[in-house]
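Coordinate inspection notes
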Amino acid sequence: MTLDTELLNPPPAKLSVRDVSKRFVSGAREIHALDHVSLEIGEGEFVCLVGPSGCGKSTLLNIIAGLERTDGGDVSAEGAAISAPGRERMMMFQESALFPWLDVLGNVLFGLHLKPGLTKTERVAVARHYLKLVGLEKFERANVHELSGGMKQRVALARALAPNPRVLLMDEPFGALDALTREQLYGDLQRIWAERRKTIVFVTHNVREAVCLGDRVVLFSPHPGRIREEFVIDLPRPRDINSVELARYSTRITAALKNHTAHNEEPSE
Amino acid sequence: MKRLIIALLFFASLLFVWEALVRAGVWSAVLLPSPAIVARYLADAALDGSLWDASLVTLRRLFAGYLTGIVLGLPLGLLTARFRFLRDTLGLVALGLQTLPSVCWVPLALLWFGQSETAMFFVVLMGTVWSMIIATENGVRNVPPIYARAALTMGSKGLHTWLRVLLPASLPFVVSGMKQGWAFAWRSLMAAEIYVTVLGGFGLGHLLHYGRELNAMEQVIGVMVVIIAIGLLADKALFSPWERFLHKRWGTAS
């Protein structure tokens, strides 16, 4: 019984970023990572943050995760201020960050061990459920180093989904993968998102990827990190990254991205 | 199986060369007894029990000091990695004392503790604990920060992160620290036993020492063989399981 309730989808959370600023000191230089950024993300929305390196998109993701504090402004999930990491917001990184001392099942179980109210059998059942969801149920005893890059990110996805969060934060999770593996994962991620209804914030610098996955694409520009423009992607799902309609969107967004970045670099002298 | 045969053949031919050298009469038989004479010494010493007693005394000293060194060194290493002030103080002390050959503790141990088991324990402990602290600290500081971040997002913090993430993640370093500590402890104990007669018991080092005093080369060589065998056995029994685990999980070359 508890297992069924555990596997139920919790309602996805609404995220609200208001007037957030963040500065870093790196050596003698100060980096203005985020400058008065505001963003509302609806329940179950899939939002992609796009921009060149240094535009603060990953910083914003870390702030939403609770891994970093803001210098000003506030971030909240369902109206509650975010000040520390929480189980309802899980994060996936560019490197899989899987733990090499655990096997695949052990990795997926890691977050479940920290979730109270589950028996051992239930935890294992939950972990297996998510491994099946990402298509790796046959690899639960495999070691991390034996997996391909794509499989590692699938395990990382299962690990992030296992504690049943309301928000999934993804920091360029497919950046290091080859094109073919990436395309498979786009399909899987859309299917899983449709099934599990999470609010997803997805950081990437690949415009096509953003258009393929996002309900909305938010464009950032660097120095200081600001939101420049937003695009609602009104395409039916599941989307194929190679479709012509998708290419049309990404051409437009890429042009806008170049425009903002170029415009931004000139007057900085 | 093939590897075993090759190894056996290799050691058999070593014995053969040894025997051939003895027969050729290059060195006096007093300086180089034949393998058979050494084997007879070992058999006699095993039968009258002196070899077992000495091995037992030595191993007891070794394990007491070594295990204490690990039990102290591991948490101290974790704390040193965690607190900057410990790194600047205890960390430096550990680094300095680790470079000190542990035999150098023998004179001090004798003056402090006399010809006692405590002196032996102290020397072995000094051989182990500093390597263990350094290796653990080094291991923790080499853990990719992303592991701790990932664990943090899953709700791990404080002691949980230390025991379930940082400690296992630094296992490759910790195990090599344990190996180094073992090597230091073993060497320093042998040196201490050769130097110091402890009334509490005669170890392998003493047997070696008396072999020299009595000019009994077969005893000297025989005890050396036993010391080597114990070293090999310990390596296989103590560290092979860990190394196999590391190799399997991390995928490092064996």
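The model shown is predicted, which means the values in this text are computed figures rather than measured ones. Sequence positions are assigned chain by chain, starting from 1 and proceeding in written order. Labels are handed out in written order, letters beginning with A for the chains and numbers beginning with 1 for the ligands. Only residues with pLDDT of at least 70 get local features here, since the model is predicted, and only at 80 or more are side-chain atom pairs given and counted; chain-wide, interface and lining totals rely on the full set of residues. The side-chain figures draw on all heavy atoms in the structure; neither hydrogens nor water molecules are used.

A run of H or I in DSSP counts as a helix once it spans at least four residues, and a run of E counts as a strand once it spans at least two, with each numbered from the N terminus. Within chain B, the secondary structure is distributed over 12 helices and 0 strands. Each helix and strand of chain B, placed in order from N terminus to C terminus, yields the pattern α-α-α-α-α-α-α-α-α-α-α-α. Using a 1.4 Å probe on the protein chains alone, a residue whose accessible area is under 20% of its type maximum counts as buried, one over 50% counts as exposed, and one in between counts as partly exposed. For chain B, the proportion of its 254 residues judged to be buried stands at 44%. Contacts are assigned to residue pairs that have any heavy atoms within 4.5 Å of one another. Contacts in chain B between residues far apart in sequence, at least 24 positions, make up 72% of those at least 6 positions apart. With an accessible surface of roughly 13,900 Å², chain B has 71% of that area assigned to carbon and sulfur atoms. With residues, only the protein chains shown are counted as cover, and all accessible areas are computed by Shrake-Rupley using a 1.4 Å probe.

This brings us to the overall build of chain A. Per the secondary structure count, chain A includes 8 helices and 10 strands. Only C-alpha atoms enter the radius of gyration; for comparison, a globular chain is expected to reach 2.2 Å times N to the power 0.38, where N is the number of residues. Computed over C-alpha atoms, the radius of gyration of chain A comes to 19 Å, within 12% of the 18 Å expected from 2.2 N^0.38 for 269 residues, which places it in the range of a compact globule. Dimensions of chain A, computed from the C-alpha atoms along their principal axes, are close to 60 × 40 × 35 Å. Looking at chain A as a whole, 57% of its 269 residues qualify as buried.

Attention now moves to the pairing of strand S2 (residues 29–41) of chain A. Residues and elements named next belong to chain A. When DSSP locates at least two bridges between a pair of strands, those strands are taken to pair. Judged from the 9 bridges that link them, strand S1 (residues 15–26) and S2 form a sheet pairing that is antiparallel. Paired with arginine 23 across the bridge in S2 is histidine 32. Linkage of S1 to S2, two consecutive antiparallel strands, is achieved through a turn of 2 residues, within which glycine 27 is found at a positive phi near 65°.

Relative to the assigned elements, isoleucine 230 of chain B resides in helix H12 (residues 217–250). Once you skip the residues sitting within four places of it in the chain, isoleucine 230 of chain B turns out to touch Ser55, Leu59, Trp186 and Leu204 of chain B.

What follows concerns the side chain of histidine 260 of chain A. Residues and elements named next belong to chain A. You can see histidine 260 is positioned in helix H8 (residues 244–265). The exposure class assigned to histidine 260 is buried, which follows from its relative accessible area of 13%. For the purposes of these results, a polar contact is taken to be a pair of N or O atoms within 3.5 Å, where, inside protein, one atom must be able to donate a hydrogen and its partner to accept one; residues adjacent in sequence count only when each atom of the pair is a side-chain atom. In terms of polar contacts, histidine 260 uses its side chain to reach the side chain of glutamate 229, at 2.8 Å. If we ignore the near neighbours within four places in the chain, the residues touching histidine 260 are Leu219, Ser221, Arg228 and Glu229.

What follows covers the packing of aromatic side chains. Between the rings of Phe, Tyr and Trp (Trp by its six-membered ring), a pair exists once the centres lie within 6.5 Å; its type follows the angle of the planes, with under 30 degrees stacked, over 60 edge-to-face, and the other angles tilted. Overall, the coordinates contain 18 aromatic pairs over all chains when judged by the stated rule. Here phenylalanine 99 of chain A and tyrosine 147 of chain B contribute two aromatic rings whose centre-to-centre distance is 5.8 Å and whose plane-to-plane angle is 90°, an arrangement assigned as edge-to-face. Of this pair, phenylalanine 99 of chain A sits in the loop between strand S6 (89–92) and helix H3 (104–113) while tyrosine 147 of chain B sits in helix H8 (residues 145–153), placing the two residues on different chains. The class of phenylalanine 99 of chain A is buried, set by a relative accessible area of 0%. We classify tyrosine 147 of chain B as buried; its relative accessible area is 15%. Site record: aromatic cluster; members linked through ring pairs are Phe46, Phe174, Tyr186, Trp193 and Phe202 of chain A. Any Lys NZ or Arg CZ that is within 6 Å of a ring centre and within 35 degrees of that ring's normal is treated as a charge sitting over the ring. Above the ring of phenylalanine 99 of chain A, the side-chain terminus of arginine 159 of chain A is found at 4.8 Å from the ring centroid. The ring of tryptophan 193 of chain A has arginine 197 of chain A lying over it, and the distance from NZ or CZ to the ring centre is 4.7 Å.

The next point concerns helix H7 (residues 117–141) of chain B. Here a helix's expected span is defined as the number of its residues, less one, multiplied by 1.5 Å. Its 25 residues place the ends of H7 of chain B 36 Å apart at the C-alpha level, agreeing with the 36 Å of an ideal helix rising 1.5 Å per residue. Burial analysis of H7 of chain B places 20 of its 25 residues in the buried class, the great majority of the element.

Residues and elements named next belong to chain A. A pairing counts as a salt bridge when a side-chain nitrogen of Lys or Arg comes within 4 Å of a carboxyl oxygen of Asp or Glu. This structure, assessed with the given rule, holds 22 salt bridges over all chains. Here arginine 128 ties to glutamate 140 by a salt bridge, and the two come within 2.7 Å at their closest N and O atoms. On the criterion of sequence distance, the pair formed by arginine 128 in helix H4 (residues 120–133) and glutamate 140 in the loop between H4 and helix H5 (149–161) is long-range, its members being 12 residues apart. Look at arginine 128 and you get partly exposed, because its relative accessible area is 40%. Across the salt bridge formed by glutamate 230 and arginine 216, the nearest N and O atoms sit 2.7 Å from each other. Within this pair, whereas glutamate 230 is found in strand S10 (residues 226–232), its partner arginine 216 is found in strand S9 (residues 216–221), the two being separated by 14 residues in sequence. On the basis of relative accessible area, glutamate 230 is assigned to the partly exposed category, the value being 38%. Linked through salt bridges whose partners overlap, the residues forming this network are Arg154, Asp188, Arg191 and Glu195.

Further remarks concern the interface of chain B and chain A. Residue-level contacts link 21 residues of chain B with 24 residues of chain A. Here chain B meets chain A over a buried area of about 2,000 Å², counting both sides, of which 69% is carbon and sulfur. Summed over both partners, buried area is the accessible surface (1.4 Å probe) that two parts give up on being assembled. A per-residue breakdown of the area chain B buries against chain A is headed by Thr153, Met154 and Arg249 of chain B, which together make up 37% of the total. Counting every contact that joins chain B to chain A gives 0 salt bridges. Connecting chain B to chain A are 7 residue pairs in polar contact (both at pLDDT 80 or more). Where the side of chain B that touches chain A is concerned, the elements lending two or more residues are H8, helix H9 (159–169) and H12 of chain B.

On to the sheet that holds S9 of chain A. Through backbone hydrogen bonds, the strands of a sheet pair up, either in parallel or in antiparallel fashion. All names here are of chain A. Spatial ordering of the open sheet is given by S6-S7-S8-S3-S9-S10, a layout of 6 strands whose pairing is mixed. The open sheet terminates on both sides in strands that have one partner only, identified here as S6 and S10. Strand-to-strand, the axes of this sheet are offset by a mean angle of 20°, without reference to chain direction. Pairing between strand S3 (residues 46–50) and S9: 4 bridges, direction parallel. Within S9, the position partnered with valine 50 by the bridge is leucine 219. Think of each axis as a best-fit line through the C-alpha atoms, taken over the contacting stretch in the case of a helix, with angles from 0 to 180 degrees between the N-to-C directions.

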